[in-house]
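# A structural walkthrough
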Amino acid sequence: MTLYLVDVTSFPSDKAKVVRALRTIGRLPLKKANDMYVHIQNHKTTTLLAGVHKDVAESVAASLKEAEMISSISVCDVASPVLLDPNSAHIFVWEKPAKLVKQYTHE
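For clarity, every value in this text was computed on a predicted model and none was experimentally measured.

### Let's talk about the packing of aromatic side chains
The tally for this structure, following the rule as stated, stands at one aromatic pair. Measuring from ring centre to ring centre gives 5.6 Å for phenylalanine 11 and tyrosine 37, while their planes differ by 75°; the resulting arrangement is edge-to-face. Here the residue phenylalanine 11 occupies a position in the loop between β1 (3-10) and α1 (15-26), and tyrosine 37 occupies one in helix α2 (residues 30-43), the gap between them amounting to 26 residues. Owing to a relative accessible area of 18%, phenylalanine 11 belongs among the buried residues under this scheme.

Right, here's the structure in full:
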């Protein structure tokens, strides 16, 4: 079975449109959608969603287009659905490609 990913390559300056689209696509609370917006803004090209069927990827891309975002769909090797979570950067630090080090914070 072929699975796909959706990359965001460009988005409008209207933050509200982008956040609204992200909330709808991921059924996210406002805070998480805002975190995703900041991540996408800082990284320009970002994989938003991976490991989904083609019809899901096309539906997400259509929702992004309605919000004036530019995205692309491509085949991926991810075996199960994954949605971008920018907060994971606060939990993990990537030192080397093959080594993942977990940081423990006391908040």
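### Description of the sheet that holds β1
Read across the open sheet, the four strands follow the order β3-β1-β2-β4; overall the sheet is antiparallel. On the outer flanks of this sheet lie β3 (70-76) and β4 (82-83), each paired with one strand and no other. In this fold α2 packs onto β1, β2 (46-52) and β4, with an angle of close to 115° to the strand it touches most, β2.

### A few points about the pairing of β1
Of all eight residues in β1, six are buried, a share of seventy percent or more. Strand direction decides the pairing type here: β1 and β3, joined by seven bridges, are antiparallel. When the bridges of β3 are listed, valine 6 appears paired with isoleucine 73. As paired strands, β1 and β2 are joined by five bridges and run antiparallel to one another. Along β2, the bridge assignment pairs leucine 5 with alanine 50.

### Details of α1
A rise of 1.5 Å per residue sets the reference length of α1, with its twelve residues, at 16 Å; its end C-alpha atoms lie 16 Å apart and thus fit the reference within 8%. The set of residues buried in α1 consists of Val18, Val19, Ala21 and Leu22. Relative to the axis of α1, the buried residues are bounded by an arc of 160° and lie together on one face. Relative to its buried face, α1 has exposed residues pointing more than 90 degrees away, namely Arg20 and Thr24. Looking at the packing, one finds that the buried side of α1 touches α2, β2 and α3 (54-66). The N-capping residue of α1, defined by a side-chain oxygen 3.2 Å from the backbone nitrogen of alanine 16, is aspartate 14. Two residues or fewer past α1, arginine 27 is found with a positive phi of approximately 50°.

Calculation notes
Residues numbered from 1 in each chain as written. Predicted model: local features only at pLDDT ≥ 70, side-chain atom pairs only at ≥ 80, totals over all residues. Heavy atoms only, no water. Phe/Tyr/Trp six-rings, centres within 6.5 Å; stacked < 30°, edge-to-face > 60°. Helix = DSSP H or I, 4+ residues; strand = E, 2+ residues; numbered from the N terminus. Buried < 20%, exposed > 50% of the residue type's maximum accessible area, 1.4 Å probe, protein only. Pairing = 2+ DSSP bridges. Contact = heavy atoms within 4.5 Å. Axes fitted to C-alpha atoms, helices over the stretch in contact; angles between N-to-C directions. Expected span 1.5 Å × (residues − 1). Arc of directions from axis to C-beta. Polar contact = N/O pair within 3.5 Å; in protein donor to acceptor, adjacent residues only side chain to side chain.

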